[in-house]
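Observations on the three-dimensional arrangement
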Amino acid sequence: KKLVDFLDLTLSVRKGSIHSRTFQKLMNLYLYISPHSVHLASCLKGLIYGVLLCYWEQNTDHEDFVKLAGLLFRRLLDRGH
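All residue numbers refer to positions counted from 1 along the written sequence of the respective chain. Confidence filtering applies because this is a predicted model: local features only for residues at pLDDT of at least 70, side-chain atom pairs given and counted only at 80 or more, and all residues used for totals across whole chains, interfaces and linings. Side-chain metrics rest on all non-hydrogen atoms present in the structure, leaving aside hydrogens and water.

**Some points on the layout of surface pockets**
- Cavities and pockets are defined on a 1 Å grid built over the protein atoms alone: a cavity is a set of grid points where a 1.4 Å probe fits but cannot escape, while a pocket is an open set with protein on both sides within 12 Å along at least five of seven lines, and lining residues are those with an atom within 4 Å of any such point. Grid points are joined across faces, edges and corners, and a volume is the space filled by probe spheres set on the points. Considering only enclosed or pocket space, the largest pocket measures out at about 150 Å³ in volume.
- Lining of the largest pocket is provided by R21, T22, F23, Q24, N59, D64, K67, L68 and L71.
- In this description a helix means any DSSP run of H or I spanning at least four residues, a strand means any run of E spanning at least two, and both kinds are numbered starting from the N terminus. Where the lining of the largest pocket is concerned, the elements lending two or more residues are strand 3 (17–22) and helix 2 (62–78).
- By residue number, the principal contributor to the lining of the largest pocket is helix 2, which donates four residues.

**A look at the packing of helix 1 (residues 41–58) against helix 2**
- Only the stretch in contact is used when a helix axis is fitted, and all axes are lines through C-alpha atoms; the angle between N-to-C directions ranges over 0 to 180 degrees. Where helix 1 contacts helix 2, the axes come no closer than 9 Å and their chain directions differ by 155°. Relative to helix 2, the element helix 1 is oriented roughly antiparallel. The two elements helix 1 and helix 2 meet at a crossing, and its hand is right-handed. When helix 1 is examined against helix 2, the residues L44, L47, I48, V51, L52, Y55 and W56 are found in contact with a partner set consisting of H62, F65, L68, A69, L72, R75 and L76.
- Classification convention: Asp, Glu, Lys, Arg as charged; Ala, Val, Leu, Ile, Met, Phe, Trp, Tyr, Cys, Pro as nonpolar; all other residues, Gly among them, as polar. Residues that form the contact of helix 1 with helix 2 fall into these classes: twelve nonpolar, one polar and one charged. The cut-offs work like this: below 35 degrees is roughly parallel, past 145 is roughly antiparallel, 65 to 115 is roughly perpendicular, and the gaps in between are oblique. The handedness criterion is simple: a crossing whose near helix is rotated anticlockwise from the far helix by less than a right angle is left-handed, and one whose near helix is rotated clockwise is right-handed. Any two residues whose heavy atoms approach within 4.5 Å are treated as being in contact.

**Regarding the sheet that holds strand 1 (residues 2–6)**
- Taken in spatial order, the three strands of this open sheet run 1-2-3, and their pairing is antiparallel. Each edge of the open sheet is held by one strand with a lone partner, namely strand 1 and strand 3. On average, adjacent strands in this sheet sit at an angle of 25° to one another, irrespective of strand direction.
- Here, any two strands with at least 2 DSSP bridges between them count as paired. Sheet topology places strand 1 next to strand 2 (residues 9–14); five bridges connect them, and they run antiparallel. Bridging from a neighbouring strand, D5 pairs with T10 of strand 2.

Here it is, written out as structure tokens:
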């Protein structure tokens, strides 16, 4: 199986077609907007929508999208949201 990490993607060739999934560095702290910030609630909603849209467009396999969406949810809860 041929794999290459390029920017925020992992690209692979399977059965003659290119597949992609989101690449995330192990050392990323995912310091999303603090719940105690004075940002408008719409900023958090926009962040969630934008990140999920990015995950949707970057991941060929639905299972990868679902896994990343769950991680986003968990990370936001860990930040206190």
